[in-house]
Amino acid sequence: MSVVPTPNSAQANSATRWLVEHGDALYAYAYRRTRRADVAEDLVQETLLAALASRESFDARSSERTWLTGILRHKLMDHLRRAWRQRPMSEIEEEGAEDMFDRGGHWKAMPPFWDKTPGAQLENAEFRDVLHKCLEKLPPRTAQLFWLREAEEMETDALCQELEISPTNLWTMLHRARSALRQCLSVHWFGKDGR
Amino acid sequence: MARLRDIRNLNLTCREATRLMSEARERRLTRWERAGLTIHLGLCRYCRRYRRQLAYLRDVVKKIVDEPATMSESAKARIRQKLEESS
């Protein structure tokens, strides 16, 4: 493939070609980490616009997909940091779920038994519905972190640096998210706690 | 050498144990934390069940995350138009 300086119409052509060839992959990358269609679409658009503006930085030895994904990742982290700053810090103090423990720190009630396998449950549309409702109940920033963490197998140290948050905050929020989800599914799907 | 504080920390509440189980996915627990958790889990049926549910939840979420996602045609059309406008 030749990389020749091109007039505007050809530039537009290459951007629309990127959209055709890489749009779904870029979207999947962003959606996986945000679980928000609107956010993922915006990120893909920003990425392609940024790529158009900086075509010279494309190293022909790397693949277009890798190059575009790199830009997208940058945009994604930018987006998360911004969202992080805009929302009130109080969310960190909020309890994600109703307290499951008594004053002595022991379970108030036995967690209910979770039957079937995850795969079998997911084939049940009613379960998926309850699961999505439980996920939607997470506070927005907690949810963002949760999805990013679950989609990324990366070390949380690196994640904290990119997001500019402290590891302790991250661990606390992830723990809250997991506890809240576990609690919500226990109550609304697997049966009332200990009753 | 074990300090008195470490030895006392071996005695975890369920609240502490559940937090450590979650954090174990994010960082390497200290030797004392691991020991405390092992002892606690050996004794506490409730927390063993919690541990199984954490693993269950992780599997469920992983499966959802891995489900394929594609962009809607209307979103593609919108982006295409934007790209054409700005070049």
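What counts as what
Residues numbered from 1 in each chain as written. Chains lettered and ligands numbered in written order. Predicted model: local features only at pLDDT ≥ 70, side-chain atom pairs only at ≥ 80, totals over all residues. Heavy atoms only, no water. Helix = DSSP H or I, 4+ residues; strand = E, 2+ residues; numbered from the N terminus. Buried < 20%, exposed > 50% of the residue type's maximum accessible area, 1.4 Å probe, protein only. Contact = heavy atoms within 4.5 Å. 1 Å grid on protein atoms, 1.4 Å probe; cavity = no way out; pocket = protein on both sides within 12 Å on 5 of 7 lines; lining within 4 Å. Points joined across faces, edges and corners; volume = space filled by probe spheres on them. Nonpolar A, V, L, I, M, F, W, Y, C, P; charged D, E, K, R; others polar. Core = buried A, V, L, I, M, F, W, Y, C linked by side-chain atoms within 4.5 Å. Disulfide = S-S within 2.5 Å. pLDDT = per-residue confidence, 0-100. Expected span 1.5 Å × (residues − 1). Arc of directions from axis to C-beta.

Colleague: I'm lost on the environment of Lys116(A) in this one. Help?
Modeller: Topologically, Lys116(A) is positioned in the loop between α3 (64–86) and α4 (118–122). Take Lys116(A): its relative accessible area is 56%, and that puts it in the exposed class. A C-alpha to C-alpha distance of 42 Å links Lys116(A) and Trp67(A), two positions 49 residues apart in sequence. Excluding residues within four positions of it along the chain, Lys116(A) makes contact with Gln121(A) and Tyr56(B).

Colleague: Mind showing me how you'd approach the layout of surface pockets here?
Modeller: Which parts of space are left empty comes out when a probe the size of a water molecule is rolled across the atoms. Residue and element names in this part refer to chain A. When its volume is computed, the second largest pocket comes out at roughly 350 Å³. As for the second largest pocket, its lining consists of 15 residues, and the residues nearest its centre are Thr34, Arg35, Arg36, Ala143 and Trp147. At the level of elements, α1 (8–34), α5 (125–136) and α6 (140–151) are the ones that each hand at least two residues to the lining of the second largest pocket. A total of 4 residues in the lining of the second largest pocket trace back to one element, the largest contributor, which is α6. Grouping the constituent residues of the lining of the second largest pocket by class yields 7 nonpolar, 4 polar and 4 charged.

Colleague: Help me out: how do you make sense of the nonpolar core in this one?
Modeller: Side chains that are nonpolar tend, in soluble globular proteins, to be buried together. Membership of the largest hydrophobic core comes to 38 residues, with the highest contact counts inside it found for Trp18(A), Leu48(A) and Leu163(A). Breaking this core down by element, the ones donating at least two residues are α1, α2 (37–53), α3, α6, α7 (156–163) and α8 (167–188) of chain A together with α5 (73–85) of chain B. Looking at this core, the element that brings in the most residues is α3(A), giving 8 residues. Formed by 24 residues, the second largest nonpolar core is a distinct cluster that contains Leu135(A), Trp147(A), Cys184(A) and Phe190(A).

Colleague: I keep staring at unusual backbone geometry and nothing clicks. Help me out?
Modeller: Peptide bonds are mostly trans, and most non-glycine residues show a negative phi. Residues and elements named next belong to chain A. A positive phi angle is found at Lys116, which is not glycine, with a value near 60 degrees. The phi dihedral of Glu164 is positive, around 60 degrees, even though this residue is not glycine. As for its placement among the helices and strands, Glu164 is situated in the loop between α7 and α8.

Colleague: Help me understand the state of the cysteines, please; the structure alone is not making it clear to me.
Modeller: Cysteine pairs can be covalently joined through their sulfur atoms, and such a bond is termed a disulfide. Inspection of every chain in the model, using the stated rule, returns 1 disulfide over all chains. Here Cys134(A) is linked by a disulfide to Cys184(A), with a sulfur-sulfur distance of 2.1 Å. Here the disulfide of Cys134(A) and Cys184(A) is left-handed, its torsion about the S-S bond being about -80 degrees. Taken as a pair, Cys134(A) in helix α5 and Cys184(A) in helix α8 lie far apart in primary sequence, 50 residues in all. Lacking any disulfide linkage, Cys44(B) is separated from the closest cysteine sulfur, that of Cys47(B), by 3.8 Å.

Colleague: Would you take a moment to explain the confidence of the model for chain A for this structure?
Modeller: Interpretation of the predicted coordinates at a detailed level should be avoided for regions scoring low in pLDDT. Residues at a pLDDT of 70 or more form 86% of chain A, whose mean pLDDT is 85. Highest mean pLDDT in chain A belongs to α2(A) (94); lowest belongs to α7(A) (85).

Colleague: Sorry, what's going on with α5(B) here?
Modeller: Helical periodicity: at 3.6 residues per turn, an α-helix aligns residues three or four positions apart in one direction. All names here are of chain B. For α5, spanning 13 residues, the distance from its first C-alpha to its last is 18 Å, which sits close to the expected 18 Å at 1.5 Å a residue. Those residues of α5 not exposed but buried are Ala75, Lys76, Ile79 and Leu83. Taken end-on, α5 shows its buried residues confined to a sector of 100 degrees, consistent with a single buried face. Of the exposed residues in α5, the ones pointing more than 90 degrees away from its buried face are Glu73 and Glu85.

Colleague: Is there a simple way to explain empty space enclosed by the protein in this structure?
Modeller: Residues and elements named next belong to chain A. Under the definition given, this model contains 2 cavities of 30 Å³ or more. Taken as a whole, the second largest cavity spans an internal volume of roughly 40 Å³. Lining the second largest cavity, in full, are Leu80, Trp84, Arg141, Gln144, Leu145, Leu148 and Leu163. The greatest single-element share of the lining of the second largest cavity, amounting to 4 residues, is contributed by α6. Partitioning the lining of the second largest cavity into residue classes produces 5 nonpolar, 1 polar and 1 charged.

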